[in-house]
Amino acid sequence: MLQTVMPRSERGGAALVASLPAPGGGVGFRQQTAALHPVVRAVVACVLGERTDHPDVEDCTHEVLRRALEGASRLRAGEPLRPWVLGIARHVAVDARRRRRRERPMDASAAVDGDESESWIDRLVDPSPAPDERAAGAERARRIGAALEGLAAPQREAMLLFHVEGVGYQRIAEKLGVPMGTVATWLSRGRRSLADALAEAAPPKARRP
Amino acid sequence: MTTTPQPSPDQALFEPDGHLSEIALTSIADGELAELVGDATKAPSMALTHLERCERCSHRLGEAALLSMTATDLVPAGAAFALAPAAEEAPRVPEGQKTRRPVPVAAIAAATVTAVLTAGPSLIDAMRGLHATITEGIAMAPFLGRLMLALVRAPWGQGPVALAAKVVSALVLVMIGLRVARATPRPGSLQEGGVWEECEDGWSDRVLVGSGRLGGGARRGGAGSRRRARGGTTRRGLERRRSGGVARPRQPPSRRGREAPR
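Novice: Could you clarify how one ought to interpret the overall build of chain B in this entry?
Specialist: Helix and strand counts for chain B stand at 11 helices and 3 strands. Reading the helices (α) and strands (β) of chain B from amino to carboxyl end gives α-α-α-α-α-α-α-α-β-β-β-α-α-α. Counting over 262 residues, chain B shows a buried share of 27%. Put simply, 42% of the contacts in chain B that link residues at least 6 apart link residues at least 24 apart. Per element, the accessible surface of chain B, about 18200 Å² overall, is 63% carbon and sulfur.

This is the structure in structure tokens:
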């Protein structure tokens, strides 16, 4: 697993996790959670738009790991840990981002007014649909479908295998007869295509605060 | 014999400028780094060590992880659209053509020709005898007039019984006329896709609504039906007209009855 190859990161995450109470999960669970520390911190920093050593990023990362450890019993048997923890990270970071905007309304309004090039991250950080987006859900799915159809056949197959069927890189590579690095590249570029399709589907200013 | 050299793990995970490659970031975000390069090499360790101190790569890792999560959220729904057969989306028929059937021109023409051929001789005979028929009718008119007058003046044609018989026959004729009028199909009728929908006044009082047109009438004579008979002035009907035929959600009758006036 990943924790076997991350000396510094694991040390940092393990030290943080070790400082937390352990109401649930065993030693293996704690180690796996600690191994996700770099990705969790990167997601939080990306959503907040801060450096990884920013105090808010550290606070949110700590909160994510605490929630993951305390909620270990809610993780169903067989459910993968990584998406679950990263989902918590996204949720915590989005909450912190909203809280910061409420606490600094003038800065936020100035940023919204002055931000002509809204980042695609602003469209992706919170997947829960706003009321207007619920009505446009079918249209969004249609655009995603069109973006998928626009991909090359093996790339689309890799996307579907990974994101729909949950198949790993190695089996995808074996099935499609390509190196695993190619699979990673296909997935990365396919996701970018979907993000572009999603950005086209949503008007820049008709977003939630 | 020359073979294309496979890139070493260092070459696969790092770009020439020393930052992590797209492959490395995507595989880390997906938790597939160890699968990609194996645990035996030092490359994964070097990549994660680089992440610790490189702000740019850490930010790109966050982006890659967010993209991966979003794709996992959205791809299943999009795949349903992408993989659905195209035949499911049938071309939309214009609204006016949905209930219009083609005129059977050939059948009408054949029937007309047949009727003319078979009834033609009789029509010619009738035209020849038309003058004599009219003359006979004019000659019989005084006789028929006297006959009708005698019937009216007969003893059984006067008095309350005769008056009641006339009133009853008039009512019967009116009811037959109404029955025929109601049986005639109209736009928005049930035969043409209309639906029954309860009106504002009560669940038992319903109005026939078809394709945005307020039509028909209530079968029961409630207040709403009477207002509609005067021009369709129920509040719900007016709202439906303003909104282009879309009725607002209804409340159950028990709640409507108890609502306090606002």
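Novice: What's the story with the interface of chain B and chain A in this structure? I'm lost.
Specialist: Many authors give the size of an interface as the accessible area that is lost as the parts come together. Facing the 45 residues of chain B at the interface are 55 residues of chain A. Buried surface at the junction of chain B and chain A, summed over both partners, amounts to about 4300 Å²; 67% is from carbon and sulfur atoms. It is Glu-52, Leu-66 and Leu-67 of chain B that lose the most area in chain B upon contact with chain A, and together they represent 15% of the buried surface on that side. For the pair chain B and chain A, the interface holds 6 salt bridges.

Novice: Please clarify how the nonpolar core should be interpreted in this entry.
Specialist: In globular proteins that are soluble, nonpolar side chains generally tend to be buried together. Grouped together as the largest cluster of nonpolar side chains are 76 residues, with contacts concentrated most on Val-43 and Leu-148 of chain A together with Leu-13 and Leu-20 of chain B. Filtering out sequence-adjacent residues up to four positions away, Leu-13 of chain B remains in contact with His-19, Leu-20, Ser-21, Ala-24, Leu-33, Leu-36, Val-37, Ala-43, Pro-44 and Ala-47 of chain B.

Novice: Please clarify how a nonpolar patch on the surface should be interpreted in this entry.
Specialist: Residue and element names in this part refer to chain B. A cluster of nonpolar side chains, contributed by Met-140, Phe-143, Leu-144, Leu-147, Met-148 and Leu-151, occupies part of the molecular surface with about 580 Å² of accessible area. Note that Met-148 resides in helix α7 (residues 130-153). Classification of Met-148 by relative accessible area gives exposed; the value is 54%.

Novice: I keep staring at the side chain of Thr-70 of chain B and nothing clicks. Help me out?
Specialist: All names here are of chain B. Tracing the backbone through its elements, the reader meets Thr-70 in helix α5 (residues 55-83). Owing to a relative accessible area of 7%, Thr-70 belongs among the buried residues under this scheme. Reaching out from Thr-70, the side chain makes a polar contact with the backbone oxygen of Leu-66 at a distance of 2.8 Å.

Novice: Any chance you could explain the packing of helix α10 (residues 153-163) of chain A against helix α11 (residues 169-176) of chain A here in plain terms?
Specialist: Any two packed helices are characterised by how steeply their axes cross, that is the angle between the axes, and by the distance between the axes. Residues and elements named next belong to chain A. The interhelical angle for the contact between α10 and α11, taken along N-to-C directions, is 145°, at an axis separation of 10 Å. Between α10 and α11 lies a crossing of right-handed hand. Contacts between α10 and α11 involve Pro-154, Glu-157, Ala-158, Leu-161 and Phe-162 from the former and Tyr-169, Ile-172, Lys-175 and Leu-176 from the latter.

Novice: It is not clear to me how the pattern of salt bridges should be interpreted in this structure. Could you clarify?
Specialist: Think of it this way: side chains of opposite charge can pair up when their charged atoms draw near. Enumeration according to the criterion identifies 16 salt bridges over all chains in this entry. Here Arg-51 of chain A makes a salt bridge to Glu-55 of chain B, at a shortest N to O gap of 3.8 Å. On the criterion of chain membership, the pair formed by Arg-51 of chain A in the loop between α3 (37-48) and α4 (55-70) and Glu-55 of chain B in helix α5 is interchain, its members lying in two chains. Overall, the relative accessible area of 48% leaves Arg-51 of chain A in the partly exposed class. In this structure, the salt-bridge partner of Asp-17 of chain B is Arg-56 of chain B, at a minimum N-O distance of 3.7 Å. Of this pair, Asp-17 of chain B sits in the loop between α1 (9-13) and α2 (22-30) while Arg-56 of chain B sits in helix α5, and the two are 39 residues apart along the sequence. One network of salt bridges, in which partners are shared, links Glu-63, Arg-66, Arg-67 and Glu-70 of chain A.

How each quantity is defined
- Residues numbered from 1 in each chain as written.
- Chains lettered and ligands numbered in written order.
- Predicted model: local features only at pLDDT ≥ 70, side-chain atom pairs only at ≥ 80, totals over all residues.
- Heavy atoms only, no water.
- Helix = DSSP H or I, 4+ residues; strand = E, 2+ residues; numbered from the N terminus.
- Buried < 20%, exposed > 50% of the residue type's maximum accessible area, 1.4 Å probe, protein only.
- Contact = heavy atoms within 4.5 Å.
- Areas by Shrake-Rupley, 256 points an atom, 1.4 Å probe, with all protein chains shown as cover.
- Buried area = accessible area lost by both parts, 1.4 Å probe.
- Salt bridge = Lys/Arg side-chain N within 4 Å of Asp/Glu carboxyl O.
- Core = buried A, V, L, I, M, F, W, Y, C linked by side-chain atoms within 4.5 Å.
- Patch = residues over 30% accessible without salt bridge, like charges linked within 9 Å, V, L, I, M, F, W, Y side chains within 5 Å.
- Polar contact = N/O pair within 3.5 Å; in protein donor to acceptor, adjacent residues only side chain to side chain.
- Axes fitted to C-alpha atoms, helices over the stretch in contact; angles between N-to-C directions.
- Left-handed = near helix turned anticlockwise from the far one by under 90°.

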